[in-house]
Amino acid sequence: MLGQRQGIIVWLFSLKQAKMLRKFGNVHYVSKRLKYVVLYCNQDETDTIMEKIKSYSFVKKVEPSFKPFLKVEYENSRPDKAKEYDYKMGI
């Protein structure tokens, strides 16, 4: 079905061309106030898509999302004793 996906954050000068970015991947979010677009595409195509998007004149900056590379399994995470006591009391 879907392979590994990665987000690309595209900062724009104007939102008029935000619809044009749909041909590069799935547009997930468009911020009207801060003028950026979050775009998802295949992870292996991220570098080539970023270079194509950078070449447009209405693009201010292009950044990759580092979410696929973050570690989500934490080690040595112990609960706080005070909170654990409160939960047992029913507070």
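Since the model is a prediction, treat every value here as computed from it, not as a measurement.

**Student:** Give me the nonpolar core: which residues, what numbers.
**Tutor:** I8, V10, L12, L21, I53, V59 and V62 are the most contacted members of the largest nonpolar core, which totals 15 residues. Of all elements in the fold, only β1 (5-12), β3 (36-42), α1 (46-54) and β4 (59-64) reach the threshold of two or more residues within this core. Non-local contacts of V59, meaning those with residues more than four positions away in its chain, are made with V10, W11, L12, F13 and I53.

**Student:** Would you mind going over the pairing of β3 in detail, with residue names and values included?
**Tutor:** Within β3, five of the seven residues are buried, which leaves the element mostly enclosed by the surrounding structure. Here β1 runs beside β3; their pairing, made up of seven bridges, is antiparallel. Bridged to I9 within β3 is V38. The hairpin formed by strand β2 (residues 26-31) and β3 contains four residues between the paired strands, and K35 there has a positive phi angle of roughly 60 degrees.

**Student:** A description of the packing of aromatic side chains should follow, citing residues and the corresponding values.
**Tutor:** Applying the stated criterion across every chain, the model contains four aromatic pairs. Ring geometry for W11 versus Y36: centroids 5.1 Å apart, planes at 45 degrees, classification tilted. With W11 in strand β1 and Y36 in strand β3, the pair connects residues that are 25 residues apart, well separated along the chain. Seen in terms of ring centroids, Y29 and Y36 are 6.0 Å apart; in terms of plane orientation they differ by 50 degrees. Their pairing is tilted. According to the relative accessible area criterion, Y29 is partly exposed, its value standing at 43%.

**Student:** Which residues make up the side chain of S31, and what are the values?
**Tutor:** With respect to the helices and strands, S31 occurs in strand β2. When its relative accessible area of 6% is taken as the criterion, S31 is described as buried. Within the local environment of S31, its side chain forms a polar contact with the backbone nitrogen of L34, the two atoms lying 3.2 Å apart. Apart from the residues within four sequence positions on either side, S31 is in contact with L15 and Y36.

**Student:** Quick one: what's the story with the environment of I53, residue by residue and with numbers?
**Tutor:** If you trace the backbone, I53 turns up in helix α1. Residue I53 is classed as buried on the basis of its relative accessible area of 0%. Measuring from C-alpha to C-alpha, the distance between I53 and V10 comes to 8.1 Å, with 43 residues separating the pair along the chain. Apart from residues lying up to four places away in sequence, I53 is in contact with V10, L21, F24, L39, V59 and V62.

Parameters at a glance
- Residues numbered from 1 in each chain as written.
- Predicted model: local features only at pLDDT ≥ 70, side-chain atom pairs only at ≥ 80, totals over all residues.
- Heavy atoms only, no water.
- Core = buried A, V, L, I, M, F, W, Y, C linked by side-chain atoms within 4.5 Å.
- Buried < 20%, exposed > 50% of the residue type's maximum accessible area, 1.4 Å probe, protein only.
- Helix = DSSP H or I, 4+ residues; strand = E, 2+ residues; numbered from the N terminus.
- Contact = heavy atoms within 4.5 Å.
- Pairing = 2+ DSSP bridges.
- Phe/Tyr/Trp six-rings, centres within 6.5 Å; stacked < 30°, edge-to-face > 60°.
- Polar contact = N/O pair within 3.5 Å; in protein donor to acceptor, adjacent residues only side chain to side chain.

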